[in-house]
Amino acid sequence: RASSWSGPQGENLVGAAVTIVGGGGITEELLSLLAPFGCRVTVVRRHPSPMTGADEVVGVERLLDVVPGRRLVVLALSLTDETRGIIDAEALAAMDGDAWLVNVARGGHIVTDDLVAALQAGTIGGAALDVTDRRQAELLERDRSRVVEMVATNQPLSEVLRELVELVERQRPEMIASLLLRRGD
């Protein structure tokens, strides 16, 4: 039995820098969900125009400029010929070593071999994948410590995120306690 409490552990998004690639409905929902955390959010989209809740909106040509220094890089865009493989070795190398890549879009946006290499080398902190690519599914089996599987669903994003929080609560209660302590709840 422990005789003392450990210090806060885990990470949270309070004040974090986040880049979201895509500018549709999912991005709009993410912006509203991130707002209470005071995140600094940059949105990357084909036609940059202001979005409520985004601190900055840039064109796709600036992707490599807006992934360094971000805690999260979230993919929430349609899969097209132009977006297939948008996250490759160069984009992953531009991310910070503790950053997470979160894909709520299609698996084809990520060059799987490049993601595997980045995870094995510790180039990025981890990946949360809505797996639609067989090789990304195999990656999950090999490295569950830095890859989280998200299952596609017809549920509203807010419900999916609530389920993700519940999953984290069950697996890592000390992370939730740390978040609550930092928020002052």
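Refer to the structure above for everything that follows.
All figures in this text were calculated on a predicted structure; none of them were measured in a lab.

A. Spatial organisation of the overall build of the protein. Summing up its helical and strand segments, the protein has six helices and seven strands in all. Its helices and strands taken in sequence order, the protein reads β-α-β-β-β-α-β-α-β-α-β-α-α from the N to the C terminus. Of the contacts formed within the protein by residues at least 6 apart in sequence, a portion of 55% connects residues at least 24 apart. As presented, the protein carries roughly 10500 Å² of accessible surface, and 50% of it is formed by carbon and sulfur atoms.

B. Expanded view of the pairing of strand β4 (residues 72-75). Burial of the side chains of β4 extends over both faces: Leu 72 and Val 74 are buried on one face and Val 73 and Leu 75 on the other. Inspection of the sheet shows strand β1 (residues 17-21) paired to β4 by four bridges, in the parallel sense. Within the sheet, the bridge partner assigned to Val 18 lies in β4 and is Leu 72. Alignment of β4 against strand β5 (residues 100-103), held across four bridges, turns out to be parallel. Residue pairing across strands places Val 74 opposite Val 102, the latter belonging to β5.

C. Structural context of the pattern of salt bridges. Counting across every chain of the model gives two salt bridges. A salt bridge links Arg 62 to Glu 56, with the shortest nitrogen-to-oxygen separation between them at 3.8 Å. Since its relative accessible area comes to 33%, Arg 62 is described here as partly exposed. Judged by its relative accessible area of 31%, Glu 56 falls in the partly exposed class. The shortest N-O distance in the salt bridge between Asp 65 and Arg 62 comes to 3.3 Å. The structure contains a network of salt bridges with shared partners spanning Glu 56, Arg 62 and Asp 65.

D. Looking closely at the environment of Thr 42. The topology assignment puts Thr 42 in strand β2 (residues 40-44). Between the alpha carbons of Thr 42 and Val 73 there is a distance of 9.6 Å; along the sequence they are 31 residues apart. Leaving out residues up to four positions away in the same chain, Thr 42 has contacts with Val 18, Thr 19, Ile 20, Glu 56, Val 58, Val 66 and Arg 70.

E. Quick look at the pairing of β2. In terms of residue burial, β2 counts as a mostly covered element, since four of its five residues are buried. Pairing geometry for β1 and β2, over five bridges, is parallel. The residue bridging Val 18 from the neighbouring strand is Val 41, located in β2. The β-α-β motif built from β1, the intervening helix α1 (residues 25-34) and the parallel element β2 has right-handed crossover chirality. Bridge count between β2 and strand β3 (residues 56-58): three bridges; the pairing is parallel. Directly across from Val 44, in β3, lies its bridge partner Val 58.

F. Local environment of helix α3 (residues 112-121). Residues of α3 that are buried include every one of Thr 112, Leu 115, Val 116, Ala 118 and Leu 119, and no others. Down the axis of α3, the smallest arc covering the buried residues is 165°, so these residues share one side. Residues of α3 that are exposed and point over 90 degrees away from its buried face: Gln 120 and Ala 121. Downstream of α3 by one or two residues, Gly 122 has phi in the positive range, about 75°.

So, how was this worked out
Residues numbered from 1 in each chain as written. Predicted model: local features only at pLDDT ≥ 70, side-chain atom pairs only at ≥ 80, totals over all residues. Heavy atoms only, no water. Helix = DSSP H or I, 4+ residues; strand = E, 2+ residues; numbered from the N terminus. Contact = heavy atoms within 4.5 Å. Areas by Shrake-Rupley, 256 points an atom, 1.4 Å probe, with all protein chains shown as cover. Buried < 20%, exposed > 50% of the residue type's maximum accessible area, 1.4 Å probe, protein only. Pairing = 2+ DSSP bridges. Salt bridge = Lys/Arg side-chain N within 4 Å of Asp/Glu carboxyl O. Right-handed = clockwise from strand over helix to strand, strands pointing away. Arc of directions from axis to C-beta.

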